[in-house]
Amino acid sequence: MNTKSKWNTKHKDRLSDLIEPAPNPRLKDLSAYLNGGTALDLACGLGGNSLFLARLNFQVEAVDISDVAISYIQERAINDKLTIHPIVCDLTIWNELNWQNNSFDSVVITYYLDRTLFPLVKSIIKENGYFFMETYYQSPQNVNQGVSNQYKLQPKELLVEFGDWKVLMFEENKQEGRQTIFCQKR
């Protein structure tokens, strides 16, 4: 099964039980910093973060490999009258999207790791714009997470990668095996 089919199947299964996709709780806690503008939600899944950002007056580009997820987001955006532009894209070939430098006020990535996206993220966020990322990391307490180590961050990896930015929040939760950063481009 290819990646797109795998995610389409997962999202179809999730939609059968879903009432409303929830935003990431830590992103939601940081909403005081998020005052509208342009936002990019990479590997957006069913769009919990995209819907949340659009309700905060962001014009959101929501990108995912799953056309099932993107169709769902598009339907929700129309029904809820939200400014979300959903895009089906395999992020391993993101260069087809032609984003311009300094074009987004905020970029969000949750539970997706492709380190080749880091230079892109750094270039497309506007000066004083924000980056939020949360994903798995290699925590000694959470070795058997069911996620391959290639999709897990090293300890403090995001802190090192975005160390030249203003780090507003960084957390490594060893029990959950997740690493979270919220930072501002200087």
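Let us look at the structure shown here.

1. Quick word on the nonpolar core
For step 1, the next point in the chain: Membership of the largest hydrophobic core comes to 28 residues, with the highest contact counts inside it found for Leu42, Val63, Trp99, Val107, Phe131 and Phe162.
For step 2, the next point in the chain: Of all the secondary-structure elements, those providing two or more residues to this core are β1 (37–42), β4 (104–110), α5 (117–124), β5 (125–136) and β7 (178–184).
For step 3, the next point in the chain: For this core, the element with the highest residue contribution is α5, accounting for five residues.
For step 4, the next point in the chain: For valine 107, the contacting residues outside a window of four places in its chain are Leu40, Leu42, Val121, Ile124, Ile125, Tyr130, Phe131 and Phe132.

2. Comments concerning helix α1 (residues 3–17)
For step 1, the next point in the chain: For α1, spanning 15 residues, the distance from its first C-alpha to its last is 22 Å, which sits close to the expected 21 Å at 1.5 Å a residue.
For step 2, the next point in the chain: The N-cap residue of α1 is asparagine 2: its side-chain oxygen and the backbone nitrogen of lysine 4 are 3.2 Å apart.

3. Quick look at the packing of α1 against helix α4 (residues 67–80)
For step 1, the next point in the chain: Where α1 contacts α4, the axes come no closer than 7 Å and their chain directions differ by 45°. Between α1 and α4, the angle falls in the class oblique. Where α1 approaches α4, its residues Lys4, Asn8, His11, Lys12 and Leu15 are matched on the opposing element by Asp67, Val68, Ala69 and Tyr72.
For step 2, the next point in the chain: In the contact of α1 with α4, the residues fall into four nonpolar, two polar and three charged.

4. A word on unusual backbone geometry
For step 1, the next point in the chain: In this structure, tyrosine 111 takes a positive phi of about 55° despite not being glycine.
For step 2, the next point in the chain: In this fold, tyrosine 111 is placed in the loop between β4 and α5.
For step 3, the next point in the chain: At asparagine 128, a position not held by glycine, the phi torsion is positive, near 70°.
For step 4, the next point in the chain: Inspection of the secondary structure puts asparagine 128 in strand β5.
For step 5, the next point in the chain: Overall, asparagine 128 belongs to the partly exposed group, its relative accessible area being 48%.

5. Some thoughts on the pattern of salt bridges
For step 1, the next point in the chain: Following the criterion strictly, the structure yields eleven salt bridges and no others.
For step 2, the next point in the chain: Among the salt bridges present, the one from glutamate 20 reaches arginine 76, with a minimum N-O distance of 2.5 Å. Here glutamate 20 is found in the loop between α1 and α2 (25–29), whereas its partner arginine 76 is found in helix α4, with 56 residues between them in sequence.
For step 3, the next point in the chain: Looking at arginine 76, the relative accessible area reads 12%, which means it is buried.
For step 4, the next point in the chain: Residues participating in the shared-partner salt-bridge network are Arg26, Glu134, Glu171, Glu176 and Arg178.

6. Quick look at the side chain of glutamate 157
For step 1, the next point in the chain: Relative to the assigned elements, glutamate 157 resides in helix α6 (residues 157–161).
For step 2, the next point in the chain: Beyond its immediate chain neighbours, meaning those up to four positions away, glutamate 157 contacts Arg115, Phe118 and Gln179.

The rules we used
- Residues numbered from 1 in each chain as written.
- Predicted model: local features only at pLDDT ≥ 70, side-chain atom pairs only at ≥ 80, totals over all residues.
- Heavy atoms only, no water.
- Core = buried A, V, L, I, M, F, W, Y, C linked by side-chain atoms within 4.5 Å.
- Buried < 20%, exposed > 50% of the residue type's maximum accessible area, 1.4 Å probe, protein only.
- Helix = DSSP H or I, 4+ residues; strand = E, 2+ residues; numbered from the N terminus.
- Contact = heavy atoms within 4.5 Å.
- Expected span 1.5 Å × (residues − 1).
- Polar contact = N/O pair within 3.5 Å; in protein donor to acceptor, adjacent residues only side chain to side chain.
- Axes fitted to C-alpha atoms, helices over the stretch in contact; angles between N-to-C directions.
- Parallel < 35°, antiparallel > 145°, perpendicular 65-115°, else oblique.
- Nonpolar A, V, L, I, M, F, W, Y, C, P; charged D, E, K, R; others polar.
- Salt bridge = Lys/Arg side-chain N within 4 Å of Asp/Glu carboxyl O.

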